[in-house]
Amino acid sequence: TEYLDADFWSFSSEKVIMQRFCQRARDRKTDMIITASDEAFYTLFSSGDSLPYQVPVVFFGIKYPDKELIASLPNVCGFTANPDISPTERSDMCD
């Protein structure tokens, strides 16, 4: 488990920290990433590391989802902080 203290670091520092998290995850042969906030999710995909494109990523707690970004990532699924999910959408999530 890694914790990104987004309230303390600048965004550029967060990206460096996330790259380190990804390298440690790669060294441990991590097979899934779970993020629990907007900051963690968007920093993960902004860090420039390839790991989040190679393993499944599950998110929750995103208050401001970038639906286009999420839809463009076939290995990503999860729930927003305030989901408005129809029965059809619910069956499609996290297949």
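Above this text sits the structure in question.
It should be emphasised that the depicted structure is a prediction, and the values quoted were computed from it without experimental measurement.

Draft legend 1. Quick peek at helix α2 (residues 38-46). With respect to burial, α2 is a largely interior element, seven of its nine residues being buried. The complete set of buried residues in α2 reads Asp38, Ala40, Phe41, Tyr42, Thr43, Leu44 and Phe45. Considering only its buried residues, α2 is in contact with α1 (11-27), β1 (33-35), β2 (57-62), α3 (67-71) and β3 (76-80). One or two residues past the end of α2 sits Gly48, with phi positive at roughly 90 degrees.

Draft legend 2. View of the sheet that holds β2. Strand order across the open sheet formed by three strands is β1-β2-β3, with parallel pairing between neighbours. Each edge of the open sheet is held by one strand with a lone partner, namely β1 and β3. Taking the axes of each pair of neighbouring strands and ignoring which way they run, one obtains an average angle of 10 degrees across the sheet. Pairing analysis gives three bridges linking β1 to β2, with the strands arranged parallel. Its bridge partner lying in β2, Ile34 is registered against Val58. Contacts between α2 and the sheet are confined to β1, β2 and β3, with β2 contributing the most and set at about 140 degrees to the helix.

Draft legend 3. Seen up close, α1. With 17 residues, α1 should reach 24 Å at 1.5 Å per residue; the first-to-last C-alpha distance of 24 Å fits that figure. When we look at burial in α1, the residues that qualify are Glu14, Ile17, Met18, Phe21, Cys22 and Ala25. What you see down the axis of α1 is that its buried residues fit within an arc of 150 degrees, all on one side. The exposed set on the far side of α1, more than 90 degrees from its buried face, consists of Arg20 and Asp27. On the buried face of α1, the contacting elements are α2. Immediately beyond the C-terminal end of α1, within one or two residues, lies Lys29, with a positive phi of roughly 60 degrees.

What counts and how
Residues numbered from 1 in each chain as written. Predicted model: local features only at pLDDT ≥ 70, side-chain atom pairs only at ≥ 80, totals over all residues. Heavy atoms only, no water. Buried < 20%, exposed > 50% of the residue type's maximum accessible area, 1.4 Å probe, protein only. Helix = DSSP H or I, 4+ residues; strand = E, 2+ residues; numbered from the N terminus. Contact = heavy atoms within 4.5 Å. Pairing = 2+ DSSP bridges. Axes fitted to C-alpha atoms, helices over the stretch in contact; angles between N-to-C directions. Expected span 1.5 Å × (residues − 1). Arc of directions from axis to C-beta.

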